[in-house]
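# Fold and contact review
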Amino acid sequence: RCFPVTIRIAVMNNRVLNNKEDDNKFKVAVNEASYRRLVFEDKKQDFVIVKPEKVDDLKREGEELTHCVASYVDDVQRGNCKILFLRDKNNPDVPLATIEVRGQRIRQARIKGNGGVSPEQRDFIKLWSKEKNLDQRFGQLLINYGIIEDSYRAWSMEDDNLLNHLKNIIEELK
């Protein structure tokens, strides 16, 4: 079961070509003020939120955490979303979790194999979202329960319908 998923993720990540023009567009996008403002460190906390610097950062993240974050390069370049990385502040080069923000909302936070974040990571993400004035109405539900919505289905739903859908999932999991 895992093997085909791993292959599918590798194929998705490798579709991101290494060309200078794409990397330059990506660098411009991640260096805009609205992107840079999401970087976060609290001296009292064990985690930090960092931004990718180049396309290869997303490819590496996807390879190490075995998820499809590299497929978001076009969305980042177009300004449709922002991808950020949760890191241990004492070991910032080692991927822990990947976070997608669309507009002012946290869409997802994924660890290795698309798993949900730990309670400690979840608490830090909540602190970060509050500090950065990210909308928690939608993101809070995802963060609290470690649930990641099906992006394709959820993208077409109104927020209230999506919240009801997620609440139903939570009830089914209990």
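Everything in this summary refers to the structure shown in the same document.

## With respect to the overall build of the protein chain
- A count of helices and strands for the protein chain gives nine helices and five strands.
- Relative to its full complement of 174 residues, the protein chain shows a buried share of 43%.
- Accessible surface, the protein chain as shown: approximately 9,900 Å² in total, 49% of it carbon and sulfur.

## Some points on unusual backbone geometry
- The phi dihedral of Asn114 falls on the positive side, at around 65 degrees, and the residue is not glycine.
- Inspection of the secondary structure puts Asn114 in the loop between strand 5 (105–110) and helix 6 (119–131).
- Looking at Asn114, the relative accessible area reads 29%, which means it is partly exposed.
- Its identity is not glycine, yet Asn133 carries a phi of approximately 55 degrees, on the positive side.
- Residue placement: Asn133 occurs in the loop between helix 6 and helix 7 (136–145).

The rules we used
Residues numbered from 1 in each chain as written. Predicted model: local features only at pLDDT ≥ 70, side-chain atom pairs only at ≥ 80, totals over all residues. Heavy atoms only, no water. Helix = DSSP H or I, 4+ residues; strand = E, 2+ residues; numbered from the N terminus. Buried < 20%, exposed > 50% of the residue type's maximum accessible area, 1.4 Å probe, protein only. Areas by Shrake-Rupley, 256 points an atom, 1.4 Å probe, with all protein chains shown as cover.

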